[in-house]
Amino acid sequence: ALLPIVESSFNPLAYSSARALGMWQFIPATGRTYKLQQNWWFDQRRDIVASTSAALDYLQTIYEMHGDWHLALASYNWGENAVARAVAKNQAKGLPTDYRSLKMPAETAYYVPKLQALKNLIAYAETFKLQLEPLANQPYFTTVANIRDLDFAVAARLAGVSME
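In this text, all values refer to a predicted model and were calculated from it rather than measured experimentally.

What counts as what
Residues numbered from 1 in each chain as written. Predicted model: local features only at pLDDT ≥ 70, side-chain atom pairs only at ≥ 80, totals over all residues. Heavy atoms only, no water. Axes fitted to C-alpha atoms, helices over the stretch in contact; angles between N-to-C directions. Helix = DSSP H or I, 4+ residues; strand = E, 2+ residues; numbered from the N terminus. Parallel < 35°, antiparallel > 145°, perpendicular 65-115°, else oblique. Contact = heavy atoms within 4.5 Å. Nonpolar A, V, L, I, M, F, W, Y, C, P; charged D, E, K, R; others polar. Salt bridge = Lys/Arg side-chain N within 4 Å of Asp/Glu carboxyl O. Buried < 20%, exposed > 50% of the residue type's maximum accessible area, 1.4 Å probe, protein only. Expected span 1.5 Å × (residues − 1). Arc of directions from axis to C-beta. Patch = residues over 30% accessible without salt bridge, like charges linked within 9 Å, V, L, I, M, F, W, Y side chains within 5 Å. Areas by Shrake-Rupley, 256 points an atom, 1.4 Å probe, with all protein chains shown as cover. Left-handed = near helix turned anticlockwise from the far one by under 90°.

**Student:** Would you mind showing me how to read the packing of helix H4 (residues 69-78) against helix H5 (residues 80-92) here?
**Tutor:** Any two packed helices are characterised by how steeply their axes cross, that is the angle between the axes, and by the distance between the axes. Running from amino to carboxyl end, H4 crosses H5 at an angle of 125°, the nearest separation of the two axes being 7 Å. Considering their axes alone, H4 and H5 lie oblique with respect to each other. Seen from H4, the contacting residues are Leu 71, Ala 74, Ser 75 and Trp 78; seen from H5, they are Glu 80, Ala 82, Val 83, Ala 86 and Val 87. Residue composition of the contact of H4 with H5, grouped by class: seven nonpolar, one polar and one charged.

Take a look at the structure:
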């Protein structure tokens, strides 16, 4: 639930220099692997429901690959093949293969601690003197099935709502 904060600040329009897109920051190839449609009109990496489903599938896959959530999260950030190579390299040297023992880019080395820090801030908000508004356990938005491609500005105008 907190991973999109680290990835995109929950911004479905977020775009990175690595061409990662959406709230879950899928690169094009991983998006295609997890059946996220990408064409000139539409990119499901920006679709909150589709990309969340794909992200959960991807996280399950990389967890099963490594058998460890820290390594799975490192894979989410750095790539599963990069993490697998780092694990194999440590194995070949007789070194530990846990998250903390792998040589990895600084961004990836700080990725899991950043996520853990967010979890701690939310779980122990009162300890940190944070006043967080409670969130209702209900859907935040409604999905609407579309029957054809439609520009968001036109959809917003027809629905009588702002683009925001």
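On we go from here.
**Student:** Explain the pattern of salt bridges here, please?
**Tutor:** Oppositely charged side chains can pair when the atoms bearing their charge come close. Enumeration over the complete set of coordinates arrives at one salt bridge. Here Arg 45 ties to Asp 43 by a salt bridge, and the two come within 2.7 Å at their closest N and O atoms. The exposure class assigned to Asp 43 is buried, which follows from its relative accessible area of 16%.

**Student:** Before we go on, may I ask you to explain the side chain of Ser 51 in this structure?
**Tutor:** Within the secondary structure, Ser 51 is located in helix H3 (residues 48-66). Take Ser 51: its relative accessible area is 1%, and that puts it in the buried class. With residues up to four places along the chain from it excluded, the contact list for Ser 51 reads Trp 24, Phe 26, Leu 36, Gln 44 and Arg 45.

**Student:** How should H5 be read in this particular structure?
**Tutor:** Since the α-helix advances by 3.6 residues per turn, residues separated by three or four positions end up pointing in the same direction. Relative to the 18 Å expected for 13 residues at 1.5 Å per residue, H5 spans 18 Å between its end C-alpha atoms, a close match to the ideal helical length. Of the positions making up H5, those classed as buried are Ala 82, Val 83, Ala 86, Val 87 and Asn 90. Down the axis, H5 shows its buried residues gathered within 135° of arc, on one side only. Opposite its buried face, H5 presents the exposed residues Asn 81, Arg 85, Lys 89, Gln 91 and Ala 92, each directed more than 90 degrees away. On its buried side, H5 packs onto H3 and H4. Remark: Gly 94 follows H5 within two positions and exhibits a positive phi of approximately 75°.

**Student:** Looking at this model, I keep getting lost on a nonpolar patch on the surface. Mind explaining?
**Tutor:** A cluster of nonpolar side chains, namely Leu 121, Ile 122, Tyr 124, Phe 128, Leu 130 and Leu 132, defines an oily patch on the protein surface of about 540 Å² accessible area. Residue Leu 130 is classed as partly exposed on the basis of its relative accessible area, which comes to 35%.

**Student:** Even after reading the chapter, I still don't get the packing of H3 against H5, so can you show me in this structure?
**Tutor:** Where H3 meets H5, the axes come as close as 11 Å, and the angle between the chain directions of the two elements is 15°. Judged by the inter-axis angle, H3 sits roughly parallel to H5. Once H3 is placed against H5, the crossing between them reads as right-handed. For the pair formed by H3 and H5, the contact residues are Tyr 58, Ile 62, Met 65 and His 66 on the first element and Glu 80, Val 83 and Ala 84 on the second. Considered class by class, the residues forming the contact of H3 with H5 number five nonpolar, one polar and one charged.

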